[in-house]
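# Structural overview for review
Listed below are the residues making up each chain.
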Amino acid sequence: MLSRAPWRRGERPDPGTLRADLISSVVVFLVALPLCVGIAVASGVPAELGLVTGIVGGLVTGFLPGSSLQVSGPAAGLTVLILEAVNEFGVGALGVFVLIAGVLQLAMGALKLGRWFRAISISVVEGMLAGIGLVLIAGQLYALADAKAPGSGPANLAGLPGLVMRTAGSPEALTALGLGAGTVAAMALWKHLPQKVRIVPAPLAAVALATALVAVFQLPVKRVEVKGLLGSIQPPSLDDVSGLLSVGAIGTVLAITLIASAESLFSAAAVDRLHNGPGTDYDKELMAQGAGNTICGALGALPMTAVIVRSAANVQAGARTKASRVLHGVWLLLFAALFPAALGLIPVASLAGILVFSGWKLIPVQQLAPLWREHRGEALVLIATAVAIVATNMFEGVIIGLLLAVAKTAWETSHVHVRVEDRGAAPAHQREVAGSVPGSVKAGREGASGQERPADGGTLVPGPRAAADDAPAADGGTPVTDGPPLRVVISGNATFLRLPRILDTLEALPTDRPIELDLLDLRHLDHACHTALLNWTERHNNQEGDARVLMPSAA
């Protein structure tokens, strides 16, 4: 459903707009509260730091220009990366990482680089989210049973059989598992309940129900540790900065910057499709995210991104201006300041259930089968990126995915068509190189002699014309045989990726027939192919063959 924005820039919002924003801000607050706490616990930091990030996302990023209706806060997509960083470098270093990432986002926004994030392959992004989802699920399965995860993705997966055995023999672990599984079930089934019930957001309802069960029956499960809002804030110190100039630390900063920026801007594009109000200015939104992350880093809190779940809830609740997301930050601040002890009642297993469900939602299960049928290469990039993240880490997995996407694009754009015509035979013999586009290229430029002449406006390649129609053979000799020549027409994009097949076709040609190698229909000829074709011509003529090349002239 589209949300209409009945205002113009500079006008004062009417009371109806303010009322709609107030209601939607409460809805977003109720959605964000359990997610902020759950993501912080799963990231290995105090629960209050998740609320700090949500507060900054509302009061700072929410107030700045960029996207008018999307909501920022801690995101499940960064949970795995932050947990790895905290385990390796400590909680104190987290603020430094987030601070530097925020400064980089500010710089990229100032340099107008926000729009270029839309050039990232969607398969890499979906593969990244799928990999995050898989690692997140594998890690939170331990928290469902009040157990500690071994650490990395492969270790978590390898330890699942042992987790099952330990849980089966522990009544306390089975109790925690029941709460976590009940939370997942409530999240999954909530959309099927009556509309009046669904006024309460699913995450809040699931956590509230689990918390009530623990309180009423005094269940022996782990609960969230409470340190207080001010006690949890840990601004980075000089000691935290020292020793962070390692490859791992730099990779973590770059990964936070890339993932947070990409997720925010992709979320902005999705939110723009949900309403017909002002669209997103991507560069300003990137700077708004950078400002928020800079402040989060200075407070030692989690990094923030724009989150599609909260943003969609904001739009669907009827939000019309940025006031709704600013107010949601106010409600988070009031809750953290007035009811800090309430966090200590929440069972950890219930928060783990929310994140298991969130991790599952990150995996594009329904889209994978159609993608495999229609764009198999894209599906392979998606799967490879996800597997790489699970097998290595976030940064290396994304880099592998980007390299695969570039290699796939290079391969697909290097379509080349090779046609061999025997003018002395009927019908003409044709042969295509695998991966070429369907169909054949018509000649249509033949002169009275039956030989092609170069056409005007051809694609330029390095070097002058190698030969003309009336030129002698490339080695300066005379044809070794009489009769019509074999004509080889190469069209499309000749790159080194297709060079083996091109040379296989040429080397299969006889040496006792004149050969015309026509390159006039090429749209692109890279240096490797240019050199290889001229070398083949020279070798062919040195073997008493007669070959000449028709090549577009340089202009």
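Rules and cut-offs
Residues numbered from 1 in each chain as written. Predicted model: local features only at pLDDT ≥ 70, side-chain atom pairs only at ≥ 80, totals over all residues. Heavy atoms only, no water. pLDDT = per-residue confidence, 0-100. Helix = DSSP H or I, 4+ residues; strand = E, 2+ residues; numbered from the N terminus. Contact = heavy atoms within 4.5 Å. Axes fitted to C-alpha atoms, helices over the stretch in contact; angles between N-to-C directions. Parallel < 35°, antiparallel > 145°, perpendicular 65-115°, else oblique. Left-handed = near helix turned anticlockwise from the far one by under 90°. Nonpolar A, V, L, I, M, F, W, Y, C, P; charged D, E, K, R; others polar. Buried < 20%, exposed > 50% of the residue type's maximum accessible area, 1.4 Å probe, protein only. Salt bridge = Lys/Arg side-chain N within 4 Å of Asp/Glu carboxyl O. Core = buried A, V, L, I, M, F, W, Y, C linked by side-chain atoms within 4.5 Å.

The next subject is the confidence of the model for the protein chain. Taken over all residues, the pLDDT of the protein chain has a mean of 81, while the share at 70 or more is 85%. When the elements of the protein chain are averaged for pLDDT, helix α11 (residues 238-241) gives the smallest value, 74, and helix α13 (residues 282-298) the largest, 94. Predicted confidence for residues 426-480 stays below pLDDT 50, and this span has 110 contacts to residues more than four positions away or in other chains.

The relative placement of two packed helices comes down to the angle between their axes together with the axis-to-axis distance. As a packed pair, helix α5 (residues 122-144) and helix α16 (residues 348-362) sit with axes 8 Å apart at the nearest point and diverge in direction by 160 degrees. With respect to α16, the axis of α5 lies roughly antiparallel. The crossing of α5 and α16 is left-handed. Along its contact with α5, which presents L129, A130, I132, G133, L136, I137, Q140, L141, A143 and L144, the element α16 presents A349, A352, G353, L355, V356, G359, W360 and L362. Taken together, the residues of the contact of α5 with α16 break down into 14 nonpolar, 4 polar and no charged.

We now examine the environment of H530. Tracing the sequence through the fold places H530 in helix α21 (residues 527-542). Of the residues examined, H530 reaches a relative accessible area of 13% and is grouped as buried. It is 8.9 Å that separates the C-alpha atoms of H530 and T495, two residues lying 35 residues apart in sequence.

Quick look at the pattern of salt bridges now. Taken as a whole, this structure holds 8 salt bridges when the rule is applied. A salt bridge links K408 to E412; the shortest N-O distance between them is 3.1 Å. Taken together, the positions of K408 and E412, both in helix α19 (residues 394-413) and 4 residues apart, correspond to about one turn of that helix. For E412, a relative accessible area of 38% corresponds to the partly exposed category. One salt bridge in this structure joins R513 and D422, with 2.8 Å as the shortest N-O distance. Residue R513 is located in the loop between α20 (499-507) and β5 (514-518), and its partner D422 is located in strand β3 (residues 416-422); the two are separated by 91 residues in the primary sequence.

To continue, consider the nonpolar core. Counting residues in each nonpolar core, the largest one holds 79 residues, and the members touching the most others are L51, F97, M128 and M394. What L51 contacts, discounting residues up to four positions off in sequence, is L33, C36, V37, L332, F335, A336 and L343. Formed by 24 residues, the second largest nonpolar core is a distinct cluster that contains L499, I502, L517 and C529.

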